[in-house]
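Observations on the model geometry
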Amino acid sequence: MTGYKRHREMEVYLTTYDGTQHLRLHGWLKRNDTLIKSENIVDQDDYFGVFMVYITENQLNKLKENNTESSLFMNLEVMSTESERWNLFQSIKDKEDKDNLFDKIQDFMFSFQIKDKDDIEKFLTQANNTSIALFKKSKDFIDDYIETEEMNYGDKVKDLDIMIEAFIEEERYEDCAILVKIKKKMKKYYLQKQKTK
């Protein structure tokens, strides 16, 4: 595996309001080759989820511009140094709150560090499991995935095919059936969309 040529990247936390916005942001990050270190879905009243990404200044400026047009995130926080992360954690006064925060991080976040092929496969497995869990959770997630313009039809088909292939290898045929239904529904949606043009 060739080495990753690192540019001056910043660690940035992006908070999303709901599932639709979360999917839009995820599509933007994938299309713009932004390294996603972790993804956290909590689905609380005041926010839905958080991405922790490594992003260059140019990409960050582009993301901010696109946010005004497409509402990709509701909050952005740049963490340029380890001490800033520690200060954020230290600002939580109550020990019980710190313990709860730590438990929530352990429960909901998965970290991803590229070291070798096994790490990439582990990340893809976690990403596939997150995607299928979202699809199973709500019909709205499926509709958002199908109707979002953040990914084109071909990319969505490729994305679903990769998940189907992975689930076939794991003999998860019920999950494959869900993804095949989504593909059929998506094809129908795009055919209908072409007819109305």
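Below: a short report on this structure. This one's a predicted model, so the numbers in the text were calculated from it and none came from an experiment.

1. Some points on the nonpolar core
- Ranked by internal contacts, the top residues of the largest apolar core, which has 21 residues, are F135, Y145, L160, L179, I182 and M186.
- Those elements giving two or more residues to this core turn out to be α5 (117–137), α6 (139–147), α7 (153–169) and α8 (173–195).
- Apart from residues no more than four positions distant in its own chain, F135 is found in contact with F141, I142, Y145, L160, M163, L179 and I182.
- Core analysis: the next-biggest nonpolar cluster, separate from the first, contains 13 residues, V12, L14, W28 and I36 among them.

2. Focus: the side chain of Q59
- One can find Q59 in helix α2 (residues 57–70).
- Exposure remark for Q59: the relative accessible area of 18% places this residue in the buried category.
- A polar atom in the side chain of Q59 sits 3.2 Å from the backbone nitrogen of T56.
- If near-sequence neighbours (up to four positions away) are discounted, Q59 is found in contact with W28, N32, D33 and T34.

3. A word on α6
- Turning to α6, its buried residues number three or more, namely F141, I142, D143, D144, Y145 and I146.
- Near the N-terminus of α6, the side chain that reaches the backbone nitrogen of D140, with its oxygen 3.1 Å away, is that of S138.

4. Some details on the packing of α6 against α8
- Where α6 meets α8, the closest approach of the two axes is 10 Å, and the angle between their N-to-C directions is 50 degrees. Taken together, the axes of α6 and α8 lie oblique to each other. Two packed elements cross with a definite hand, and for α6 against α8 that hand is right-handed. Of the residues in α8, those in contact with K139, I142, D143, Y145, I146 and E147 of α6 are I182, K185, M186, Y189 and Y190.
- Here the residues of the contact of α6 with α8 are counted per class, giving 7 nonpolar, no polar and 4 charged.

So, how was this worked out
Residues numbered from 1 in each chain as written. Predicted model: local features only at pLDDT ≥ 70, side-chain atom pairs only at ≥ 80, totals over all residues. Heavy atoms only, no water. Core = buried A, V, L, I, M, F, W, Y, C linked by side-chain atoms within 4.5 Å. Buried < 20%, exposed > 50% of the residue type's maximum accessible area, 1.4 Å probe, protein only. Helix = DSSP H or I, 4+ residues; strand = E, 2+ residues; numbered from the N terminus. Contact = heavy atoms within 4.5 Å. Polar contact = N/O pair within 3.5 Å; in protein donor to acceptor, adjacent residues only side chain to side chain. Axes fitted to C-alpha atoms, helices over the stretch in contact; angles between N-to-C directions. Parallel < 35°, antiparallel > 145°, perpendicular 65-115°, else oblique. Left-handed = near helix turned anticlockwise from the far one by under 90°. Nonpolar A, V, L, I, M, F, W, Y, C, P; charged D, E, K, R; others polar.

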